[in-house]
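Residues per chain are reported as follows:
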Amino acid sequence: IKAKHVNNNVLFSSTATCGGRFIGQTGLIHSPGFPGSHYPDSSLCEWYLEGPTGHYLTLSYQTLNLTTSSGCSEDYVEIREYNASGLQLGRHCGSSLPASMDTSDSFAYVKFVSDGSGNAPGFSLMFEASVEGKL
Ligand SMILES: [Ca+2]
């Protein structure tokens, strides 16, 4: 999808694809349009990350540049273990880069939500599976 962001009034198709299932040793996910354009309004993306059995995942932001809101109630990235009802590891917005997070098992769930107005460049997040003992 090559939607070019022009201003906050642009309407994006609700069929725009984002999220998905990522299986592997390592991978990179990002908000829709990143890095060429700002993320669209009213996004809802869900990623399911899965490393090899017996591994844990380290999730680290390469870029975080969302609008800032109190309690990250407007545009945010939410990271959980396993799935949408797993333990929440973080909920992030704004542009200060959070520390990396480790999961306790080989699954993680990432959700990106943007509200109806005001947007920013977005985020990219790397995940990496490993079996080394946690330090
Ligand atoms: Ca917004």
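Residues numbered from 1 in each chain as written. Predicted model: local features only at pLDDT ≥ 70, side-chain atom pairs only at ≥ 80, totals over all residues.

Under the annotation held in an unreviewed UniProt entry, the protein chain carries the name CUB domain-containing protein and is attributed to Periophthalmus magnuspinnatus.

Chemist: Residue-level account of the overall build of the protein chain, with values.
Modeler: Within the protein chain, the regular secondary structure consists of zero helices and nine strands. Along the protein chain, from the amino end to the carboxyl end, the secondary structure elements read β-β-β-β-β-β-β-β-β. Here the protein chain, with 135 residues, has 28% of them falling under the buried criterion. For the protein chain, contacts bridging at least 24 residues in sequence account for 75% of all contacts bridging at least 6. (Helix = DSSP H or I, 4+ residues; strand = E, 2+ residues; numbered from the N terminus. Buried ≥ 20, exposed ≤ 12 C-beta atoms within 10 Å, placed from the backbone. Contact = placed C-beta atoms within 7 Å.)

Chemist: Which residues make up the sheet that holds strand β7 (residues 101-102), and what values do they have?
Modeler: Strands sit in the order β2-β9-β4-β7 across an open sheet of four strands; the sheet is antiparallel. Edge positions in the open sheet fall to β2 (26-30) and β7, since each of these has one partner strand only. Where strand β4 (residues 56-65) and strand β9 (residues 122-130) come together, nine bridges link them in antiparallel fashion. Note that in β9 the partner of Thr63 across the bridge is Ser124. (Pairing = 2+ DSSP bridges.)

Chemist: So, the nonpolar core: which residues are in play, and what are the values?
Modeler: Ranked by internal contacts, the top residues of the largest apolar core, which has 21 residues, are Ala108, Val110 and Leu125. Those elements giving two or more residues to this core turn out to be β3 (44-50), β4, β5 (76-81), β8 (107-113) and β9. Contacts of Ala108, omitting those with residues within four sequence positions, involve Leu49, Leu57, Leu59, Ile79, Glu81, Thr103 and Phe127. (Core = buried A, V, L, I, M, F, W, Y, C linked by C-beta atoms within 7 Å.)

Chemist: If you had to explain unusual backbone geometry to someone new, which residues and values would you point to?
Modeler: A cis amide bond, omega 0°, links Phe34 with the succeeding residue Pro35. Phi at Cys72 takes a positive value of approximately 50°, unusual for a residue other than glycine. The topology assignment puts Cys72 in the loop between β4 and β5.

Chemist: Which residues make up the environment of His30, and what values do they have?
Modeler: Of note, His30 is situated in strand β2. Owing to 20 C-beta atoms within 10 Å, His30 belongs among the buried residues under this scheme. Along the chain, His30 and Phe112 lie 82 residues apart, while their C-alpha atoms are 9.3 Å from each other. Sequence-distant contacts of His30, that is, excluding residues within four places in its chain, are made with Gly122, Phe123 and Ser124.

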